[in-house]
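Here is what each chain is made of, one letter per residue.
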Amino acid sequence: MSNESAPFQKVILLTGATSGIGESFARQLAAQALVKPGGGKIGLAITGRNLERLQLLANSIGQVSNIECLPIVADLADPDAPQVLIEKVVANWGRLDVLVNNAGYGLPRMFHQASSAEITAQIQVDFTAPVMLTRLALPYLLKSPAGRVIQVSSSISTTAWPIFGAYGACKSGLSYFTDGLRRELHGTRVAVCLVEPGPIRTEFLSRALEGLDPADPMRKMVESWPPMIFGDADRVARDMLRLIERPRGRISVLRRAVWPMRWMGAVFQLVPWLGDLFVIRTLKAHGASVRCDSPELTSVK
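Draft legend 1. Looking closely at the side chain of Asp-179. The residue Asp-179 is located in helix α5 (residues 165-184) in this model. At 2.9 Å, the side chain of Asp-179 forms a polar contact with the side chain of Arg-182. In contact with Asp-179, other than residues within four places in its own chain, are Leu-194 and Arg-250.

Draft legend 2. Structural view of helix α3 (residues 81-93). Compared with an ideal rise of 1.5 Å per residue, which puts 13 residues at 18 Å, α3 spans 19 Å between its outermost C-alpha atoms and is within 8% of the ideal. Within α3, the full set of buried residues consists of Ala-81, Pro-82, Leu-85, Ile-86, Val-89, Val-90 and Trp-93. All buried residues of α3 lie within an arc of 155 degrees about the axis, which places them on one face of the element. At its buried positions, α3 is contacted by β1 (8-14), β2 (41-48), β3 (67-73) and α4 (116-141).

Draft legend 3. Local environment of the pairing of β3. Sheet analysis places β2 next to β3, joined by seven bridges and oriented parallel. Its bridge partner lying in β3, Thr-47 is registered against Ile-72. With respect to chirality, the unit in which β2 leads through helix α2 (residues 51-61) into the neighbouring parallel β3 is right-handed.

Draft legend 4. A look at the packing of aromatic side chains. Evaluated as defined, the whole model comprises one aromatic pair. On the basis of an interplanar angle of 65 degrees and a centroid distance of 6.2 Å, the ring pair of Phe-8 and Trp-93 is categorised as edge-to-face. In this pair, Phe-8 is assigned in strand β1 and Trp-93 in helix α3, connecting sequence segments 85 residues apart. Judged by relative accessible area, Phe-8 falls into the buried class, the value being 12%.

Draft legend 5. Structural view of the packing of α3 against α4. It is at 9 Å that the axes of α3 and α4 come closest, and there the two elements cross at 30 degrees. The orientation of α3 relative to α4 falls into the category roughly parallel. Crossing handedness for the pair α3 and α4: right-handed. For the pair formed by α3 and α4, the contact residues are Pro-82, Gln-83, Leu-85, Ile-86 and Val-90 on the first element and Ala-129, Met-132, Leu-133, Leu-136, Ala-137 and Tyr-140 on the second.

Draft legend 6. Local environment of the pattern of salt bridges. Evaluation of the coordinates by the stated rule reveals eight salt bridges. Measuring nitrogen to oxygen at the nearest pair gives 3.3 Å for the salt bridge that ties Glu-245 to Lys-10. Linking Glu-245 in helix α8 (residues 233-245) with Lys-10 in strand β1, this pair joins segments that are 235 residues apart in sequence. A salt bridge links Asp-97 to Arg-95, with the shortest nitrogen-to-oxygen separation between them at 2.9 Å.

Draft legend 7. Representation of the sheet that holds strand β5 (residues 147-152) in the model. Spatial ordering of the open sheet is given by β3-β2-β1-β4-β5-β6-β7, a layout of seven strands whose pairing is parallel. The open sheet is flanked by β3 and β7 (250-253), the only strands paired with a single partner. Averaged over all adjacent pairs, the angle separating strand axes in this sheet is 15 degrees, with direction ignored. Direction of pairing for strand β6 (residues 190-197) relative to β7: parallel, over a ladder of four bridges. When the sheet's bridge partners are listed, Val-195 is paired in β7 with Ile-251. This element, α2, spans β2 and β3 of the sheet and lies at about 175 degrees to β3.

Rules behind the numbers
- Residues numbered from 1 in each chain as written.
- Predicted model: local features only at pLDDT ≥ 70, side-chain atom pairs only at ≥ 80, totals over all residues.
- Heavy atoms only, no water.
- Helix = DSSP H or I, 4+ residues; strand = E, 2+ residues; numbered from the N terminus.
- Polar contact = N/O pair within 3.5 Å; in protein donor to acceptor, adjacent residues only side chain to side chain.
- Contact = heavy atoms within 4.5 Å.
- Expected span 1.5 Å × (residues − 1).
- Buried < 20%, exposed > 50% of the residue type's maximum accessible area, 1.4 Å probe, protein only.
- Arc of directions from axis to C-beta.
- Pairing = 2+ DSSP bridges.
- Right-handed = clockwise from strand over helix to strand, strands pointing away.
- Phe/Tyr/Trp six-rings, centres within 6.5 Å; stacked < 30°, edge-to-face > 60°.
- Axes fitted to C-alpha atoms, helices over the stretch in contact; angles between N-to-C directions.
- Parallel < 35°, antiparallel > 145°, perpendicular 65-115°, else oblique.
- Left-handed = near helix turned anticlockwise from the far one by under 90°.
- Salt bridge = Lys/Arg side-chain N within 4 Å of Asp/Glu carboxyl O.

Written out as structure tokens, the structure is:
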């Protein structure tokens, strides 16, 4: 455990820290601590699968004197990872004040083309792991003078798109879970915050499209999206960081992209056939259609 002579103001666990929103969150936290050295020490546990990137980030953040950074290599597709993460954080600092569930990824193919193993791993990372991390963290968060759960969902949960079927389902479930938990913990010192980013140009998006042929319908559709709907990872991270001191139930970043999607989703809930027509025509316009080229699909009798 860390030196008791240097009490910590707060201890934070951040998942998905090696790129995009997570990396920006960690660096902005360090920059904030650098200009506010009187705020007390901060323990920051960062997790990711890439050891080299994680260590580089930890070394950079560790140069800030009032931040102690603990890098933990973890693959959230492993069902045992949440337990291991919480145990390591508590063993190191004896407490946990803020949980930031940021990790997530999308599959670079339609649902019917993905294997069972790929779908199982995605559900584990995008939904099961954040739920279990939250459950395992709660005993410590409830002891904190200002416990925080910050869940990173997605604006995609407002409108169902088949090319993001499993990913969108996970994010929709995470949003529902977060709203329910916030109401359950009302009256405690734990604030539960939901973050809904709009489309963000990060490695998340490039990884979701990697390996696809330039003529692939999914790639063509995403690349045709106007630049104005894309937000900035630094902006999302900055808004997330504010939630530690000024928690809110739900924030949407970028509003100009998220709110139209939310309104559109509300209409499609009332008139489902209109939603089907809109999405199907959009996909067809880019040449997307169901192709039974998955070995698992073609083997079903």
